[in-house]
Amino acid sequence: MEVFETLDKRFASYTIPIVFLEKLHTGLRWAEGPVYFADQRCLLFSDLPNNRILRFDEQTLQVTAFRPDSNFSNGNTRDRQGRLVTCEHRGRRVTRTEYDGTITVLADRYQGKRLNAPNDVVVKSDGAVWFTDPTYGISAAYEGGKAESEIGSCNVYRLDPRDGSLSIVAEDFRRPNGLAFSPDEKLLYIGDSGFWPNPDWPRHIRAFEVLDGKLGKSRVVAEVSPGIPDGFRVDVEGNIWTSAGDGVHCITPEGDLIGKIPVPEKVANVCFGGPARDRLYICGHTSLYAIHVNTRGVQTP
Ligand code: MG
């Protein structure tokens, strides 16, 4: 298996001839929600069906339990103050972990009804928290807990940083999933992974214009196949590095699939890390991987 699969010569500039796909840890059930802490030289990620957040130490190479009972956490990110923000399937909420370790609930209801099961989250530079709320986490006990949707739809939400109000910013998704801003934050990319569970539904990434506290018009940037666009991150040049069924796909802002990083199992999510933000961490189905690439992730926070 090639380390990089170059489909367009533009991808070659992001590859490094002597790197390889490193397998860092295995024995997971569905790795998801990677988030990098440069100040700790560590990666946190969810092992979703095993109901835990794990911590990979970049210097000792040890994996330890960061949060053994994580309420079936899924997506993670950091806010602009560096605090951990987490989507919980079983808790059906988005939380923030404070500096003293206590957990603050940021959102668990919309207009009095419980959220489905927040999946992935991103924080904009103004502090607003944007997250997706599909039903994967209430479809089976394996992913959190089986329950009926109270809201009855799968929406994308924005939590206002000033007054804590929650608003729907997109409601025309089957299963909204990963999300990431373009480097200038003028676009918000959101994946629709409705293909799981229904092959007639989308498996694409849409780009929305970001307006003041809401979203404008959108276009489909790319279909992701095989597999689905579960989670993705954006590099400093605006390329989207997304999960897929055969590894990681690199898609330009124009929507061209220019290259792949083959991974020997399904991929759920990725994030940039390492001191230079040039190490792409990859949450595979049962294993955590990493590979160095010749670009850098957008700085967050
Ligand atoms: Mg996801």
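Remember, it's a predicted structure, so these values are computed and weren't measured experimentally. Residue positions are counted from 1 within each chain, in the order its sequence is given. It should be noted that, the model being predicted, local features are given only for residues of pLDDT at least 70 and side-chain atom pairs only at 80 or more, the latter also being counted only at that level, while totals for whole chains, interfaces and linings use all residues. The side-chain quantities take in all heavy atoms of the structure and omit both hydrogens and water.

Enquirer: How do you make sense of the pattern of salt bridges when you look at a structure like this?
Expert: Pairs may arise between side chains of opposite charge once their charged atoms sit close together. Every case where a carboxyl oxygen of Asp or Glu lies within 4 Å of a side-chain nitrogen of Lys or Arg is listed as a salt bridge. Applying the stated criterion across every chain yields a total of 21 salt bridges. Where Asp39 meets Arg78, a salt bridge forms, and the shortest distance between an N and an O atom there is 3.2 Å. One end of the pair, Asp39, is in the loop between strand E3 (31-37) and strand E4 (42-47); the other, Arg78, is in strand E7 (residues 73-78), with 39 residues separating them in the sequence. Here Arg55 and Asp57 are joined by a salt bridge, their closest N and O atoms 3.4 Å apart. Salt bridges here are not isolated pairs; linked through shared partners, they connect Glu22, Arg41, Glu58 and Arg279. To qualify as a helix, a DSSP run of H or I must reach at least 4 residues; to qualify as a strand, a run of E must reach at least 2; elements of each kind are numbered from the N terminus.

Enquirer: What's the story with the coordination of the magnesium ion in this structure? I'm lost.
Expert: Around a metal, the ideal angle is 109.5 degrees if four donors adopt a tetrahedral arrangement and 90 or 180 degrees if six donors adopt an octahedral arrangement. The donor definition counts N, O and S atoms within 2.8 Å of each metal and applies 3.2 Å to Na, K and Ca; water is not among these atoms, so some sites may look incomplete. All of the protein donors around the magnesium ion are Glu32 (OE), Asn119 (OD1), Asn177 (OD1) and Asp230 (OD); their distances to the metal are 2.1 to 2.6 Å. Read from N- to C-terminus, the donor residues coordinating the magnesium ion fall into the pattern E-x86-N-x57-N-x52-D. Residue Glu32 is found in strand E3, and its partner Asn177 is found in strand E17 (residues 176-181); the two are separated by 145 residues along the sequence. The burial state of Glu32 is the same as that of Asn177; both residues are buried. Whether a residue is buried, partly exposed or exposed follows from its accessible area with a 1.4 Å probe, protein chains only, as a fraction of its type maximum: under 20%, in between, or over 50%, in that order.

Enquirer: What is the right way to look at the packing of aromatic side chains in this model?
Expert: Two measures describe an aromatic ring pair: the distance that separates the ring centres and the angle between the ring planes. The criterion for an aromatic pair is that two Phe, Tyr or Trp rings (for Trp, the six-membered ring) have centres within 6.5 Å, with stacked assigned to planes under 30 degrees apart, edge-to-face to planes over 60 apart and tilted to the rest. With the rule as written, the count across this model stands at 11 aromatic pairs. Ring centres 5.9 Å apart and planes at 45° place the aromatic pair Phe11 and Trp241 in the tilted group. Within this pair, whereas Phe11 is found in the loop between strand E1 (5-6) and strand E2 (22-26), its partner Trp241 is found in strand E22 (residues 240-244), the two being separated by 230 residues in sequence. Neither residue differs from the other here; Phe11 and Trp241 are each classed as buried. Here Phe56 and Tyr281 contribute two aromatic rings whose centre-to-centre distance is 6.1 Å and whose plane-to-plane angle is 65°, an arrangement assigned as edge-to-face. A residue pair is termed long-range when its members are at least 10 positions apart, and Phe56 in strand E5 (residues 52-57) and Tyr281 in strand E26 (residues 279-284) qualify at 225 residues. Tyr281 shares its class with Phe56; the two are buried. The rings of Phe4, Phe11, Tyr14, Trp241 and Phe272 are connected pair by pair, giving a single aromatic cluster.

By themselves, these figures tell us nothing about what the structure is for.
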